[in-house]
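Report on the structure
Chain by chain, the residues run as shown.
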Amino acid sequence: MKKVFNLLFLTLLLFTSNSCEKDDLCTPDQAVTPRLVIEFKDALSPLENKPVERLQVQEIGSTEFAPLNNEGATTLTSVENISIPLRTDRNRTSYNFILNESGVLNSDNIDFTYNLGEEYVSRACGFRVIYDGVIAVLTPESTGTQWVQNVAVVEQSITNNTDIHVQILH
């Protein structure tokens, strides 16, 4: 009798532990807070993409370079678009966009301001941060040559990693 009871209990345990609800699983693409996707355009022909030859991006006040793609690369060569993280603990992120042309560094500052929001994903994933009302401001240089000519916000709401949110004309 004890063996029958143990077998019945074990069977019940197996059936209840293997039954998952649809929202009990969280895939990496669901839970991720979206990144700011930036596309580089030609300042003289704004409809045409213009790759940046060698680029690094560094948050003001940080010693680390920002990851520029999903693989975490901090330096990209001949790149037409990048995706960088925005701060989730405040409504402003300031970046230096550092262009390296033949060993000559040229750094331009762009401030991004936004409203922080939360979006419920699922029971397993919880919440993720989304950004709304994105504004990009290019800081003019008093000396030197500014490689970034203009910054245009294309999409003010950042809710995914596929749409272009900002265009940098250079």
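One structure accompanies this document, and this report is about it. (Residues numbered from 1 in each chain as written. Predicted model: local features only at pLDDT ≥ 70, side-chain atom pairs only at ≥ 80, totals over all residues. Heavy atoms only, no water.)

A tally of helices and strands in the chain yields 2 helices and 9 strands. Shown N-terminal to C-terminal, the secondary structure of the chain runs as helices and strands in the order α-α-β-β-β-β-β-β-β-β-β. Counting across all 170 residues of the chain, residues that qualify as buried make up 34%. Across the chain, the fraction of contacts at a sequence separation of at least 24, relative to all contacts at a separation of at least 6, is 55%. A total of about 10,600 Å² of accessible surface is found on the chain, and carbon and sulfur atoms cover 54% of it. (Helix = DSSP H or I, 4+ residues; strand = E, 2+ residues; numbered from the N terminus. Buried < 20%, exposed > 50% of the residue type's maximum accessible area, 1.4 Å probe, protein only. Contact = heavy atoms within 4.5 Å. Areas by Shrake-Rupley, 256 points an atom, 1.4 Å probe, with all protein chains shown as cover.)

Moving on, we come to the pairing of strand β6 (residues 104–122). As judged from the 10 bridges shared by strand β5 (residues 92–101) and β6, these two strands associate in the antiparallel manner. In the strand pairing of β6, Asn-100 is matched with Leu-105. Linking β5 back to β6 in an antiparallel pair, the connection comprises 2 residues, with Ser-102 at a positive phi of about 55 degrees. Bridge analysis of β6 against strand β7 (residues 126–138) gives 11 bridges, and the strand direction is antiparallel. Of the residues in β7, the one forming a bridge with Ile-110 is Leu-138. Count of turn residues in the β6/β7 antiparallel hairpin: 3 residues. (Pairing = 2+ DSSP bridges.)

In this section: the side chain of Gln-146. On the secondary structure map, Gln-146 appears in the loop between β7 and β8 (150–153). Looking at Gln-146, its side chain comes within polar contact range of the main-chain nitrogen of Glu-141, at 3.1 Å. (Polar contact = N/O pair within 3.5 Å; in protein donor to acceptor, adjacent residues only side chain to side chain.)

This paragraph deals with the sheet that holds strand β9 (residues 166–169). With respect to topology, 4 strands assemble into an open sheet ordered β4-β1-β9-β8, the strand pairing being mixed. Of all strands in the sheet, those bounded by a partner on one side alone are β4 (81–84) and β8. Strand-to-strand, the axes of this sheet are offset by a mean angle of 25 degrees, without reference to chain direction. Inspection of the sheet shows strand β1 (residues 36–41) paired to β4 by 4 bridges, in the antiparallel sense. (Axes fitted to C-alpha atoms, helices over the stretch in contact; angles between N-to-C directions.)

According to the stated counting rule, one finds 5 aromatic pairs in the structure shown. An aromatic cluster is built from Tyr-95, Phe-97 and Phe-112, whose rings are joined through pairwise contacts. (Phe/Tyr/Trp six-rings, centres within 6.5 Å; stacked < 30°, edge-to-face > 60°.)

One non-glycine residue, Ser-78, lies in positive phi territory at about 50 degrees. Here Ser-78 is to be found in strand β3 (residues 76–79). Here Ser-78 falls in the partly exposed class, since its relative accessible area comes to 42%. Residues other than glycine seldom take positive phi values, yet Ser-102 does so here, at roughly 55 degrees. In this fold, Ser-102 is placed in the loop between β5 and β6. Residue classification places Ser-102 among the exposed residues on the basis of a relative accessible area of 82%.

The next subject is the side chain of Gln-167. Position of Gln-167 relative to the elements: it lies in strand β9. In terms of polar contacts, Gln-167 uses its side chain to reach the side chain of Glu-39, at 3.1 Å.

Let us look at the pattern of salt bridges. All chains considered together, the criterion is met by 5 salt bridges. A salt bridge links Lys-41 to Glu-39, with the shortest nitrogen-to-oxygen separation between them at 3.8 Å. Of the two residues examined, Lys-41 and Glu-39, each falls in the buried class. As a salt-bridge pair, Arg-92 and Asp-111 come within 3.1 Å of each other at their nearest N and O atoms. Placement of the pair is Arg-92 in strand β5 and Asp-111 in strand β6, with a sequence separation of 19 residues. Its relative accessible area of 14% is what places Asp-111 among the buried residues. (Salt bridge = Lys/Arg side-chain N within 4 Å of Asp/Glu carboxyl O.)

By themselves these figures say nothing about function.
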